[in-house]
Amino acid sequence: MTSPTIVRARVADSLRRLYLSALDERLDALLSEAARKEQTFLDFLDTLLTEELSSKQRKRVTMGISIAHFPTVKTLDEFDFKFQPSVDAKLMRELATGRFIANAENVILFGPPGVGKTHLAIGLGRAIVEAGHSVLFESATALLGALARAEAEGKLDEKLRFYAKPKLLIIDELGYLPFEKRSAHLFFQLVARRYEKGSLLITTNQLVTHWGTVFGDEVLAAAILDRLLHHSHTMVIQGESYRLKQKRRAGLVSPSNTKAE
Ligand code: ADP
Ligand code: MG
């Protein structure tokens, strides 16, 4: 009979060669636990596989979240849906399953400052990473800056390909600054490239009726909106700013000032 030490060393070697790193690290603990609980062979195998799968899932999510470049940590669970009843909680939960990604549908969140658009975009983005898809988060300003720079350097196609890649591209705070004419054209190229291929999640403080002003060109704005809205879920968030509510609670703002932002 082969000695247990030799078998243990061979198992460790096999686990490493099969890239089963969680089992490699936890094997002794799992073996003791199995002995203590007098697990059947089938239950032990089940424990091993579940352990390795959940470790791989955790690593994948951590990696996906770091690639997505979210500006802060926000989750849908932290969002107070009761405070903002104009946010359709049922639709948010449905979107969080990631089914809209498979159909390359878009999500557009409209609303004034402070109502939670960026929070929802990050929370939804995290849920989409957890559902197994690639996500990239960019502010509209950074995105347009990057496209303009790439064009000036003769690398526009490369940059457009980069932004076309993630299954979900989140563009935050569109419309806070009006576009220059050239930027609007670059944005159109991006939207056209992703159309029916990859989902966009856009947050904006401007209703679609104002997009002509945002893009500085009614025809271009209509062409952009046509593609964005074709397969899309839109949500208009109304109500008061969460930030102001907190300030008012602290006595920093009087109730009459709450509509000022
Ligand atoms: P917007 O992007 O619409 O300007 P944010 O998402 O940046 O608003 O929200 C401002 C701040 O208030 C953030 O810290 C966010 O987490 C918080 N917040 C907004 N709405 C809610 C809410 N309903 N529940 C919990 N936190 C919220
Ligand atoms: Mg925001």
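Residues numbered from 1 in each chain as written. Chains lettered and ligands numbered in written order. Predicted model: local features only at pLDDT ≥ 70, side-chain atom pairs only at ≥ 80, totals over all residues. Heavy atoms only, no water.

1. Some details on helix α3 (residues 41-68)
Here is the rule we go by: Going along the chain from the N terminus, every DSSP run of H or I of four or more residues is numbered as a helix, and every run of E of two or more is numbered as a strand. Take the residue count of a helix, subtract one, and multiply by 1.5 Å to get its expected span. Think of it in three bands: residues with accessible area under 20% of the maximum for their type are buried, residues over 50% are exposed, and the middle band is partly exposed, with areas taken using a 1.4 Å probe on protein chains only. Contacts were defined at the residue level, with two residues in contact if any of their heavy atoms lie within 4.5 Å.
Given a rise of 1.5 Å per residue, 28 residues ought to cover 40 Å, and the 41 Å separating the end C-alpha atoms of α3 matches this to within 8%. Restricting attention to buried positions, one finds in α3 the residues Phe44, Leu48, Glu52, Ser55, Val61, Gly64, Ile65 and Ala68. Looking at the buried positions of α3, the neighbouring elements they touch are α2 (21-37), α6 (117-130) and β2 (135-139). Once α3 finishes, His69 follows within two positions and takes phi at roughly 55°, a positive value.

2. A word on the coordination of the magnesium ion (ligand 2)
To be explicit about the condition: Each metal's donors comprise the N, O and S atoms found within 2.8 Å of it (within 3.2 Å for Na, K or Ca). Water is not part of the atom list, so some coordination spheres may appear incomplete.
The magnesium ion (ligand 2) binds to the protein through Thr118 (OG1) and Glu173 (OE); the donor distances cover 2.0 to 2.4 Å. Of this pair, Thr118 sits in helix α6 while Glu173 sits in strand β3 (residues 168-174), and the two are 55 residues apart along the sequence.

3. Let's talk about the domain arrangement of the protein
Formally: All the domain ranges listed were derived from an automatic or database domain assignment.
For the protein, the assigned domains are domain 1 (4-62) and domain 2 (76-249). Distance from the C-alpha centre of domain 1 to the C-alpha centre of domain 2: 42 Å.

4. Structural notes on the pattern of salt bridges
The line we're drawing: The salt bridge definition used is simple: a Lys or Arg side-chain nitrogen within 4 Å of an Asp or Glu carboxyl oxygen.
Throughout the structure, instances matching the rule amount to 11 salt bridges. Salt-bridge contacts for Asp28 lead to Arg8; the nearest nitrogen and oxygen are separated by 3.0 Å. Highlighted residues: Asp28 in helix α2 and Arg8 in helix α1 (residues 4-17), separated in sequence by 20 residues. Note that Glu151 is salt-bridged to Arg182, the shortest N-O span being 2.6 Å. Here Arg182 lies in helix α9 (residues 181-194) and Glu151 lies in helix α7 (residues 140-152), a separation of 31 residues in the sequence. Residue class for Glu151 comes out partly exposed when judged on its relative accessible area of 28%. Taking relative accessible area as the criterion, Arg182 reaches 41% and is therefore assigned partly exposed. In this structure, a network of salt bridges that share partners links the residues Asp157, Arg161 and Arg193.

5. Some details on helix α11 (residues 218-230)
Residues that lie three or four places apart on an α-helix share one face, since the helix turns once every 3.6 residues. The criterion, for reference: Comment: arc refers to directions from the helix axis out to C-beta atoms. N or O atoms closer than or at 3.5 Å make up a polar contact, with two conditions inside protein: a donor-capable atom paired with an acceptor-capable one, and, for residues adjacent in sequence, both atoms drawn from side chains.
In a regular helix each residue adds 1.5 Å, so 13 residues correspond to 18 Å; α11 covers 18 Å between its end C-alpha atoms and thus fits that length. Leu220, Ala221, Ile224, Leu225 and Leu228 are the residues of α11 that are buried. Looking straight down α11, one finds that the buried residues subtend no more than 130° of arc, so they occupy a single side. Of the exposed residues in α11, the ones pointing more than 90 degrees away from its buried face are Glu218, Val219 and Asp226. Check the buried side of α11 and you find it contacts β1 (106-110), α9, β4 (199-204), α10 (211-215) and β5 (232-236). N-cap assignment for α11: the residue whose side-chain oxygen lies 2.9 Å from the backbone N of Val219 is Asp217.

6. Thoughts on the site of ligand 1
Convention followed: One heavy atom within 4 Å of a molecule or strand makes the whole residue count as near it. Using a 1.4 Å probe, accessible areas were evaluated by the Shrake-Rupley method; residue-level cover was limited to the displayed protein chains. Grid points spaced at 1 Å and placed over the protein atoms alone form the basis of the search, with a cavity being a set where a 1.4 Å probe fits but cannot get out and a pocket an open set showing protein on both sides within 12 Å along at least five of seven lines. Lining residues have an atom within 4 Å of a point. Cavity and pocket membership follows a simple rule, namely that a molecule belongs there if more than half of its atoms are within 2 Å of the grid points. Charged means Asp, Glu, Lys or Arg here, nonpolar means Ala, Val, Leu, Ile, Met, Phe, Trp, Tyr, Cys or Pro, and polar covers whatever is left, Gly included.
Asp80, Gly114, Lys117, Thr118 and His119 are the nearest of the 14 residues found near ligand 1. Here Thr118 contributes a side-chain N or O atom positioned 2.8 Å from an oxygen atom of ligand 1. A distance of 3.1 Å is found between an oxygen atom of ligand 1 and a side-chain nitrogen or oxygen belonging to Arg243. In isolation ligand 1 has 560 Å² of accessible area, and contact with the protein removes 87% of it. Using a 2 Å cut-off from the grid points, one finds that ligand 1 occupies the largest pocket. Broken down by element, the residue count for the shell around ligand 1 peaks at 3 residues, all from α6. Taken together, the residues of the shell around ligand 1 break down into 5 nonpolar, 4 polar and 5 charged.

7. Points about the nonpolar core
The nonpolar side chains of a soluble globular protein tend to be buried, and buried together. Going by this rule: Only buried Ala, Val, Leu, Ile, Met, Phe, Trp, Tyr and Cys residues count toward a nonpolar core, and they belong to the same one when joined by side-chain atoms within 4.5 Å.
In terms of nonpolar packing, the biggest core is built from 30 residues, with Ile171, Phe187 and Phe215 touching the most fellow members. Sorting the residues of this core by element identifies β1, α7, α8 (156-164), β3, α9, β4, α10 and α11 as the ones contributing at least two each. What Phe187 contacts, discounting residues up to four positions off in sequence, is Leu143, Leu144, Ile171, Leu174, Phe179, Ile202, Phe215 and Ile224. By size, the runner-up hydrophobic cluster in this structure holds 28 residues, among which are Leu76, Phe100, Leu109 and Ile237.

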